[in-house]
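Each chain, written out:
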Amino acid sequence: MIVRAERTGDEQELAALIDAAFGDTETSEFTAQIRASPGYVPELTFVADDQGELVGFTMLSYVRAGERDVLILTPMAVRPDRQRSGVGKQVVRAAIAAADERRELVLLVEGVPSYYPQFGFRSASELGFERPDPRIPEAAWMALPLAAYDPSVAGGVVYPDFFPPPPPNA
């Protein structure tokens, strides 16, 4: 298996992978909206390719934090039959490395609190990043300071209008 940048033509297979991973079409539609947005960064969109079959995916895009744009990691998906096999770790590590190489400052994630700390993510609030919606559980709101991190970059985070609200049971 290799992790590579997403290519033109991957979209349909990725949509099927994301739909299977999340059990609906909302997240693949959200992914398409990110691709169509000004915050989309094509070179920061990664797939896990296992002999021509796409088995994992993640992307980084820009959101506003205070006076700056910072990256957020969303969504991340692994085909159901390949979950818990390290695929997600590989695409997340590739995204982190690429962001670091670009001298980005920080990565945000609204994610599973037991998963993302293994990569160095910690409380985004403690780093001064305010949740864009108070319904987002504090434990799920995380940030990863990168090598070029500047602690003065912080503030209220504003998601684009098309970002989905937190689940009602959050």
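Below you will find a few notes about this structure. What you see is a predicted model; the values in this text were computed from it and never measured.

Helix and strand counts for the protein stand at three helices and nine strands. When the elements of the protein are put in sequence order from the N terminus, they spell out β-α-α-β-β-β-α-β-β-β-β-β. Taking 2.2 N^0.38 as the reference for a compact globule, 170 residues should give roughly 15 Å; the C-alpha atoms of the protein span a radius of gyration of 15 Å, in line with that estimate. With the C-alpha coordinates aligned to their principal axes, the bounding extent of the protein is approximately 45 × 35 × 30 Å. Expressed as a percentage of its 170 residues, the buried residues of the protein come to 46%. Taking all contacts inside the protein whose residues are at least 6 apart in sequence as the whole, residues at least 24 apart take part in 67%. The averaged location of the 25 negative side-chain charges in the protein is 5 Å from the averaged location of its 15 positive side-chain charges.

Attention now moves to helix H1 (residues 11-22). With 12 residues, H1 ought to run about 16 Å at 1.5 Å a step, and its terminal C-alpha atoms sit 16 Å apart, in line with that. The inward-facing, buried residues of H1 abut helix H2 (26-35), strand E2 (40-50), strand E3 (53-65) and strand E4 (68-78). Count one or two residues on from H1 and you reach Gly23, which has phi positive near 75°.

Next up on the list: the environment of Ala20. Mapped onto the elements, Ala20 comes out in helix H1. Classification of Ala20 as partly exposed rests on a relative accessible area of 41%. Distance from Ala20 to Asp49, taken between C-alpha atoms, is 16 Å for residues 29 residues apart in sequence.

Relative to the helices and strands, Thr74 resides in strand E4. Take Thr74: its relative accessible area is 17%, and that puts it in the buried class. In this view, Thr74 contacts Phe30, Ile34, Met59 and Phe163; residues no more than four positions away in its chain are not counted.

When the charged atoms of two side chains with opposite charge come close together, those side chains can pair. Using the criterion set out here, one finds 11 salt bridges in the structure. Of the charged contacts in the structure, one is a salt bridge between Asp69 and Arg64, with a shortest N-O distance of 3.0 Å. Here Arg131 ties to Glu138 by a salt bridge, and the two come within 3.4 Å at their closest N and O atoms. Residue classification places Glu138 among the partly exposed residues on the basis of a relative accessible area of 35%. Counted as one network, the salt bridges with shared partners bring together Arg4, Asp10 and Asp49.

What counts and how
- Residues numbered from 1 in each chain as written.
- Predicted model: local features only at pLDDT ≥ 70, side-chain atom pairs only at ≥ 80, totals over all residues.
- Heavy atoms only, no water.
- Helix = DSSP H or I, 4+ residues; strand = E, 2+ residues; numbered from the N terminus.
- Rg over C-alpha atoms; globule rule 2.2 N^0.38 Å.
- Buried < 20%, exposed > 50% of the residue type's maximum accessible area, 1.4 Å probe, protein only.
- Contact = heavy atoms within 4.5 Å.
- Lys, Arg positive; Asp, Glu negative; His and termini not counted.
- Charge placed at Lys NZ, Arg CZ, Asp CG, Glu CD.
- Expected span 1.5 Å × (residues − 1).
- Salt bridge = Lys/Arg side-chain N within 4 Å of Asp/Glu carboxyl O.

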